[in-house]
Amino acid sequence: MMNRFDDLLAHAATVKDRHILDLFAADPDRAARFSAEFGSWFFDFSKTSIDAAGLKLLIDLAEKTGVAARRDAMFAGEKINETEGRAVLHMAWRNAAEAITVDGHDVMPALRDTLGRMQDFAEDVRTGRFTGQGGRITDVVNIGIGGSDLGPVMASVACTSFADGPRLHFISNVDGAHAHDVLSGLNPETTLVIVASKTFTTIETMTNAETARAWMAAKVTDPAAQFAAISTATDRTAAFGIPPERVFGFEDWVGGRYSVWSPIGLSLMIGIGPGYFAEFHAGAAAMDRHFREAPLSENLPVLLALVGIWHNQVLGHATRAVLPYEQRLARLPAYLQQLEMESNGKRVSMDGADLPWHSGPVVWGEPGTNGQHAFYQLIHQGTRVVPCEFLLAARGREPYLEHQHLLLVANCLAQSEALLRGRSLAEATEIMAKKGLTGAELDRQARHRVFPGNRPSTTLLIEVLTPFTLGGIVALYEHRVFVEGVILGINSFDQWGVELGKELALALAPVLEGSSEGAGKDGSTLGLARRIRAARA
């Protein structure tokens, strides 16, 4: 396979020793030229080493790899998830009116019917028309894993200031400590449990669901009366005791990590209400329209993706730090970690050939300013360059704490400036000389205080965090992952990498129980299993 990045690699080689600050010096309007805006979202990528020639090459790459055509095919309901023979239409759940056809059938009427049922049930829970066996529902526990957990968790934390319904709790890990710690503080008589598993067979989710049912059965006569399900396996939900009116399904053209817009978001809808949930949808729908209509050179998801391609595939920076300076976006890095790494962590192209370039980066991060006192040391002075993606709201939601928000904003801008500017040896020497140091000790101490600078970052700025602006942020990153996947030539919508470990776990259960010798297992795994059996004996 020809290396589609050759032109970019050649250009990068000619500018690799140039400082980003020099780009600002050469172009006083650089900040405006290397930023883009749509509605409530402003994206600044001027603090990267991309110059005008590099940006043109990147946009040419998006055109040559067919990003626009692939995007249009996705929105048209074509089966772009080729390894599974599926359409990719999570966007349909936030689509207001447009007909969307899959296999010649408009999927929107059934989808709207499900959304209406979700809204009715959410209002019944919120108003007390639906009650527990001890009174009004006070708490909702969502049991899921992966996309059935990360999306609702992330969004519920982000929308904390809009939550006026029952308290929301989440269980995902099969570790019994998770279920214990969540359930032990709740009243079974006033708790609603939502089990989120499309097939109703996900082992972690169903194990936790059985634990929750046993916990509830100790206090109520009919535990299933306080359960709802997000599933298409109506035979299994019925066997569990959940009636069809409390079962909400979605089609296989919605992948788990893209499913927060679907019934997987039911817990969020109950927590913030159908009105704010609709605003969450509306923000994402606005970003969908922008993605479909804006020229590539002004298109936020495309530009965000191209910056990622420049840093990873062209410059070879293997990781990406997501740094929200907004406490309520604390779970966004973990959400984006799954979105990017499960989608684009592949090693073969669409035709099954080995990928001749690196696929997606390692995505990680924490909210500011906490991260500044944890890992920013490595970002600023470490030997590897870590491109940083800052997210920031110009205003907080607590006017009486605006002085703290200004301090937060100042820290965010200062960190991106420090990464860009750095501190030279001469500057560090001057600082330490003023402290009275001289000679070799002055030189030694100064060298510890040098910051290389010239380290890239981007900033996504919104006015204030709301369900609407959150919806746009999530859709922006969804489409960014899509664009990167098209450019890399991979399928971003399957996830075969999660299968092998699950299969092996099932085979190991008898070994841990002592009913199997584990024929064919390696010595390390068998040795660990023996020690675990001995410890549990």
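Everything numeric here is computed off the predicted structure, so don't read it as measured data.

## Points about the overall build of the protein
Then comes step 1: Secondary structure assignment for the protein yields 21 helices and 15 strands.
Then comes step 2: Taking 24 Å as the expected radius of gyration for a compact globule of 537 residues, we find that the protein reaches 25 Å, a close match to that expectation.
Then comes step 3: Based on the C-alpha atoms only, the size of the protein along its principal axes is roughly 80 × 60 × 60 Å.
Then comes step 4: Accessible surface, the protein: about 23700 Å² in total, of which carbon and sulfur atoms supply 54%.
Then comes step 5: The protein carries 50 positive and 62 negative side-chain charges, and their two centres are separated by 5 Å.

## A closer look at the environment of Val107
Then comes step 1: For Val107, the location among the structural elements is in the loop between strand E4 (105–106) and helix H6 (108–127).
Then comes step 2: Val107 sits in the buried class, given a relative accessible area of 8%.
Then comes step 3: With 18 residues separating them along the chain, Val107 and Leu89 place their C-alpha atoms 9.9 Å apart.
Then comes step 4: Those residues in contact with Val107, other than ones at most four positions away along the chain, are Ile100, Val102 and Trp253.

## Details of the sheet that holds strand E12 (residues 319–325)
Then comes step 1: The strand order E1-E2-E15-E14-E12-E13 describes an open sheet built from 6 strands, whose pairing is mixed. Because the sheet does not close on itself, it has two edges, and the strands there are strand E1 (35–38) and strand E13 (362–364). Each neighbouring strand pair of the sheet contributes to a mean axis angle of 15°, computed without reference to strand direction.
Then comes step 2: Of the pairings in the sheet, the one linking E12 to E13 comprises 3 bridges and is parallel in character. Counterpart to Ala321 in the pairing with E13 is Trp364.
Then comes step 3: Relative to strand E2 (residues 41–44), helix H13 (residues 300–314) is tilted by about 25°, and along the sheet it contacts E1, E2, E12, strand E14 (388–393) and strand E15 (457–462).
Then comes step 4: Packing of helix H16 (residues 402–421) onto the sheet brings it into contact with E12, E14 and E15, and relative to E14 it is tilted by some 155°.

## Things to note about the sheet that holds strand E8 (residues 167–171)
Then comes step 1: Here 5 strands make up an open sheet; going across it, the order is E8-E7-E9-E10-E11 and the pairing parallel. The open sheet has two free edges, formed respectively by E8 and strand E11 (247–248), since each of these has just one partner strand.
Then comes step 2: Judged from the 5 bridges that link them, strand E7 (residues 139–143) and E8 form a sheet pairing that is parallel. Bridge assignment links Val141 to a residue of E8, and that residue is His169.
Then comes step 3: The strands touched by helix H8 (residues 176–183) within the sheet are E7 and E8, with E8 carrying the most contacts at an inclination of about 165°.

## A word on H6
Then comes step 1: In this model H6 runs 28 Å from its N-terminal to its C-terminal C-alpha over 20 residues, within 8% of the 28 Å that 1.5 Å per residue would give.
Then comes step 2: Within H6, the full set of buried residues consists of Met108, Leu111, Thr114, Leu115, Met118, Phe121, Ala122, Val125 and Arg126. The arc that holds the buried residues of H6, viewed along the axis, is 150°, so those residues lie on one side. Along H6, exposed side chains directed more than 90 degrees from the buried face belong to Ala110 and Asp120.
Then comes step 3: Positive backbone phi, at 95°, marks Gly128, one or two positions downstream of H6.

## Quick look at the nonpolar core
Then comes step 1: Counting 107 residues, the largest nonpolar core has Met74, Phe121, Leu192, Trp253, Ile270, Leu470 and Ile487 as its most contacted members.
Then comes step 2: Looking at which element gives the most residues to this core, the answer is helix H19 (residues 467–488), with 12 residues.
Then comes step 3: Apart from the residues within four sequence positions on either side, Ile487 is in contact with Arg4, Phe5, Leu61, Ala62, Thr65, Val67, Leu306 and Ile309.
Then comes step 4: By size, the runner-up hydrophobic cluster in this structure holds 22 residues, among which are Ile143, Leu183, Leu186 and Ala209.

## Re the packing of aromatic side chains
Then comes step 1: Inspection of every chain in the model, using the stated rule, returns 19 aromatic pairs.
Then comes step 2: When the centroid spacing of 5.9 Å and the interplanar angle of 40° are considered together, the rings of Phe121 and Phe248 count as tilted. Here the residue Phe121 occupies a position in helix H6, and Phe248 occupies one in strand E11, the gap between them amounting to 127 residues.
Then comes step 3: Look at Phe121 and you get buried, because its relative accessible area is 7%.

## Considerations on the packing of helix H4 (residues 52–64) against H13
Then comes step 1: One way to put it is that H4 packs onto H13 with a least axis distance of 10 Å and a crossing angle of 110°. Our classification of the angle between H4 and H13 gives roughly perpendicular. When H4 is examined against H13, the residues Leu55, Leu58, Ile59, Leu61 and Ala62 are found in contact with a partner set consisting of Leu303, Leu306, Ile309 and Trp310.
Then comes step 2: A per-class count over the contact of H4 with H13 returns 9 nonpolar, no polar and no charged.

Thresholds, definitions, all that
Residues numbered from 1 in each chain as written. Predicted model: local features only at pLDDT ≥ 70, side-chain atom pairs only at ≥ 80, totals over all residues. Heavy atoms only, no water. Helix = DSSP H or I, 4+ residues; strand = E, 2+ residues; numbered from the N terminus. Rg over C-alpha atoms; globule rule 2.2 N^0.38 Å. Areas by Shrake-Rupley, 256 points an atom, 1.4 Å probe, with all protein chains shown as cover. Lys, Arg positive; Asp, Glu negative; His and termini not counted. Charge placed at Lys NZ, Arg CZ, Asp CG, Glu CD. Buried < 20%, exposed > 50% of the residue type's maximum accessible area, 1.4 Å probe, protein only. Contact = heavy atoms within 4.5 Å. Pairing = 2+ DSSP bridges. Axes fitted to C-alpha atoms, helices over the stretch in contact; angles between N-to-C directions. Expected span 1.5 Å × (residues − 1). Arc of directions from axis to C-beta. Core = buried A, V, L, I, M, F, W, Y, C linked by side-chain atoms within 4.5 Å. Phe/Tyr/Trp six-rings, centres within 6.5 Å; stacked < 30°, edge-to-face > 60°. Parallel < 35°, antiparallel > 145°, perpendicular 65-115°, else oblique. Nonpolar A, V, L, I, M, F, W, Y, C, P; charged D, E, K, R; others polar.

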